[in-house]
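# Notes for the structure review
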Amino acid sequence: MGKDSQNYYGKHGTPQKYDPTFKGPIYNRGCTDVICCVLLFLAIVGYVAVGIIAWTHGDPRKVIYPTDSRGEFCGQKGTKNADKPFLFYFNIVKCANPLVLLEFHCPTPQICVKQCPDRYLTLLSARNTRDFDYYKQFCVPGFQNNKGVAEILRDGECPAVIIPSKPLAQRCFPAIHANKGVLMVGNETTYEDGHGARKNITDLVEGAKKANKVLEARQLAMQIFEDYTVSWYWIIIGLVIAMVLSLLFIVLLRFLAGIMVWVMIVMVILVLGYGIFHCYMEYSRLRGEAGSDVSLVDLGFQTDLRVYLHLRQTWMAFMIILSILEVVIILLLIFLRKRILIAIALIKEASRAVGHVMCSLLYPLVTFFLLCLCIAYWASTSVFLSTSNTAVYKVVDDTACPLLRKTCNPETFPLRNESLQCPTARCQFAFYGGESTYHRALLGLQIFNAFMFFWLANFVLALGQVTLAGAFASYYWAMRKPDDMPAFPLFSAFGRALRYHTGSLAFGSLILAIVQIIRVMLEYLDQRLKAAQNKFAKFLMVCLKCCFWCLEKFIKFLNRNAYIMIAIYGTNFCTSARNAFFLLMRNIIRVAVLDKVTDFLFLLGKLLIVGSVGILAFFFFTHRIRIVQDTAPPLNYYWVPILTVIIGSYLIAHGFFSVYGMCVDTLFLCFLEDLERNDGSAERPYFMSSTLKKLLNKTNKKVAES
């Protein structure tokens, strides 16, 4: 047995040896992974420089506010169109042209107006009448009524027709409605073109409908924003309730951890047992019914899955699967009962540790604040980068023209000889772009922006994990708890992490960020290759995405345990990761059991909290319950605050349980080290709790060698 034990440990590193000077997290430590610390500093300096450049060149108004054909904003203070908030299209039917999707602009003159038209008028009918004063406000600025109708339409100075419109996202779109199955705008079904001909307005309506789809998402966003403005305080109340329930669940774990775990295990067994009984009853009920003996193979695939519930073979398959699960769970409980008891004891010990370091429950607020800074900087830099292009003007013409869609200068185009080749052509604003070195580097800057976001976000999470691990490790390695604990364990651990281990945290988060940015690029390539018919390329892409997903999960697991070792021993990242990995491999069965038991318990807690708050929010915002008379605000979409409350509740519960989970993981590694370092003698006493010592009293040596 001794030889087998030596071979086992030889494969998974060397067990920790007794050290009489070791009394918990080492205070006399040095800086680790200094090179990575310098790299992080230089990367942050570069990131700040990218942000300054983006903020200098960018203008977020380009993606928020409408722009006319000259590239000027509508309704913005300090611009020529400050008093004209709405964008009017001369011929909105052209906005449904595929060119809009290719070059992101509508090939028709667009001007800013004070209000959208509210009547039917054509240029021909309004000319030389009192209505022309109203009509002129929809012509280009500076329009002079000194040309004929044909010349005005040729030069694109006025629209051929104006129709009643409604503003949508600061743009004028025809007021469409149906009358006896006929699409209409106002009360008209026809309109006059510039030559006096009556035309069916359905064509115009269809074009408007296609153009409307471009801005449906924007209208939805505005309605969602409106819902937030009237329900934000109720959302906050729901999140506060989620916070109280999270604290209550952690308090229950402190006193009822063992009972809660066993009740959940028994409930799982009973539910599976009832499932087996139900499948057997359905199997017996279908005996003798016509068609119930058809096999699944003969039936084949059916889109209506309810058909399979009328087959005896379906219920037999369900019964066999549930029976296998039931037997496996019972056997695992029989053979792993000792390790489940250890897991429960560690959960109880984690509850005591959290109780002695109560400020640890507030640390997720620090992590949340730092993550919000990272997200805000990334989002603002991304928006400014995407809007730091210059205005690009292109030649637009309704006829065949050799200059069509070529870049031009609106100031000099009418005077250049090229304009003589296309007399009816116009130099119109197309989109924002550029050909300079800076504009060609925008894609690379966006990738760098995303990479730095991943790196800094992972660094913030790593800082929180090292801080919490250091605080909880000081609790475990205190012989007399809490008397031997430092005065401020959380602040001490936070100071050690920043002072000595910034480089190690940067190293671990850098590795994870590289994998994450590769996954983002794979997703981008996958979207670009969706139209491809190459099956091998699709198969390769799926394999790569799966491999990098698994790699990311493994690195997160390894980093988490490496950070615990860094918090305790102050070693560099690679040494800590190796020691943590080998320590877990020497106790792989305990790791698997503890991980699944705690994950199941925390998942149940999250589901209870999120489900309770979500149900309460649903009944409240759908006016099914009232706290006081008419408290629920009127909403466009009641699911907006409900989903916000559910997602926020999950994040709050996850924040509390992440502290609890980090505590369990830290105490578990300390417990494994305790078993290897000490033997329970007076010279080498165990630091574990009395409950754990009682569980391992007779089988301590056997468990260590297993």
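Overview of the structure. (Residues numbered from 1 in each chain as written. Predicted model: local features only at pLDDT ≥ 70, side-chain atom pairs only at ≥ 80, totals over all residues. Heavy atoms only, no water.)

### Brief notes about helix 21 (residues 588–621)
Helical periodicity: at 3.6 residues per turn, an α-helix aligns residues three or four positions apart in one direction. The end-to-end C-alpha separation of helix 21 is 48 Å, in line with the 50 Å expected for 34 residues at 1.5 Å each. Two residues or fewer past helix 21, His623 is found with a positive phi of approximately 65 degrees. (Helix = DSSP H or I, 4+ residues; strand = E, 2+ residues; numbered from the N terminus. Expected span 1.5 Å × (residues − 1).)

### Looking at the nonpolar core
Of all hydrophobic cores here, the largest spans 109 residues; its most connected members are Leu253, Trp455, Tyr660 and Phe671. Per element, the largest residue contribution to this core is 20 residues, and it comes from helix 16 (residues 442–476). Counting residues domain by domain, this core receives three or more from each of domain 1 (1–60 + 442–586) and domain 3 (233–361 + 587–696). When residues no more than four places from it in sequence are discounted, the contact partners of Trp455 are Leu39, Leu40, Ala43, Ala506, Ser509, Leu510 and Ala513. Among the nonpolar cores identified, the runner-up in size contains 19 residues, and Ile111, Cys116, Ala126 and Cys158 belong to it. (Core = buried A, V, L, I, M, F, W, Y, C linked by side-chain atoms within 4.5 Å. Buried < 20%, exposed > 50% of the residue type's maximum accessible area, 1.4 Å probe, protein only. Domains from an automatic or database assignment. Contact = heavy atoms within 4.5 Å.)

### Looking at the packing of helix 2 (residues 34–57) against helix 16
Contact pair helix 2 / helix 16: the axes reach a minimum separation of 11 Å and the direction vectors enclose 135 degrees. Put simply, helix 2 runs oblique to helix 16. In this structure, helix 2 crosses over helix 16, and the sense of that crossing is left-handed. Between helix 2, through Leu39, Leu40, Ala43, Ile44, Gly46, Tyr47 and Val50, and helix 16, the contact on the second element is made entirely by Leu445, Phe448, Asn449, Met452, Phe453, Trp455, Leu456 and Phe459. (Axes fitted to C-alpha atoms, helices over the stretch in contact; angles between N-to-C directions. Parallel < 35°, antiparallel > 145°, perpendicular 65-115°, else oblique. Left-handed = near helix turned anticlockwise from the far one by under 90°.)

### Some remarks on the side chain of Asp674
With respect to the element layout, Asp674 can be found in helix 22 (residues 639–677). Not counting residues within four places of it along the chain, the set of residues in contact with Asp674 comprises Tyr476, Trp477, Pro685, Tyr686, Phe687 and Met688.

### A look at helix 19 (residues 535–569)
A rise of 1.5 Å per residue sets the reference length of helix 19, with its 35 residues, at 51 Å; its end C-alpha atoms lie 51 Å apart and thus fit the reference within 8%. Two residues or fewer past helix 19, Gly570 is found with a positive phi of approximately 75 degrees.

### Observations regarding the packing of aromatic side chains
In this structure the tally under the stated criterion is 22 aromatic pairs. Judged by centre distance (6.1 Å) and plane angle (85 degrees), the ring pair of Tyr47 and Phe448 falls under edge-to-face. With Tyr47 in helix 2 and Phe448 in helix 16, this pair connects stretches of sequence that are 401 residues apart. Residue class for Tyr47 comes out buried when judged on its relative accessible area of 3%. For Phe448, a relative accessible area of 26% translates into the label partly exposed. Through successive ring pairs, a cluster of aromatic residues spans Tyr47, Trp55, Tyr377, Phe384 and Phe448. Arg312 extends its terminal NZ or CZ atom over the ring of Tyr283, reaching a point 3.9 Å from the ring centre. (Phe/Tyr/Trp six-rings, centres within 6.5 Å; stacked < 30°, edge-to-face > 60°. Lys NZ or Arg CZ within 6 Å of the ring centre and 35° of its normal.)

Treat this as a map of the structure, not an account of what it does.
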